[in-house]
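Analysis of the macromolecular model
Each chain is listed here by its residues.
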Amino acid sequence: MIHAEGDVAKRGVGKRFRLSDAFWEQIEPALPQLPRQRTGRPRLPMRPILEGIFYVLRTGIQWNAVPREFGTSSTIHR
């Protein structure tokens, strides 16, 4: 059965596309510590952004079709 794109958005992304806590603890120290912004929108946490990047790499989905629970597609791509 083929699901419409809206059905996927309602169900959310499965746990298999999330980073485990053990993996996150290993890679978090390797990520750059960005200085705090003074103006503009606040930065998103790095974990959902990285999960979005891995989601694109694992599924082959287009950047502009990344589920919103990871953040905006432009933020994930950037």
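Criteria and thresholds
- Residues numbered from 1 in each chain as written.
- Predicted model: local features only at pLDDT ≥ 70, side-chain atom pairs only at ≥ 80, totals over all residues.
- Heavy atoms only, no water.
- pLDDT = per-residue confidence, 0-100.
- Helix = DSSP H or I, 4+ residues; strand = E, 2+ residues; numbered from the N terminus.
- Contact = heavy atoms within 4.5 Å.
- Expected span 1.5 Å × (residues − 1).
- Buried < 20%, exposed > 50% of the residue type's maximum accessible area, 1.4 Å probe, protein only.

1. Digging into the confidence of the model for the protein chain
- Confidence in the prediction of the protein chain, expressed as mean pLDDT, is 81, and 85% of residues score 70 or more.
- The element-level mean pLDDT for the protein chain is lowest in helix H1 (residues 5–11), coming to 49, with helix H2 (residues 21–27) highest at 92.
- For residues 1–9, every residue scores under 50 in pLDDT, and the model assigns this stretch one contact once sequence neighbours within four places are set aside.

2. What to know about helix H3 (residues 46–59)
- For H3, which comprises 14 residues, the first-to-last C-alpha distance of 20 Å matches the rise-based estimate of 20 Å (1.5 Å per residue) to within 8%.
- Every buried residue of H3 is accounted for by Ile49, Leu50, Glu51, Gly52, Tyr55 and Val56.
- Residues of H3 that are buried in the fold lie against H2 and helix H4 (73–77).
- Downstream of H3 by a residue or two, Gly60 has a phi angle that is positive, lying close to 80°.

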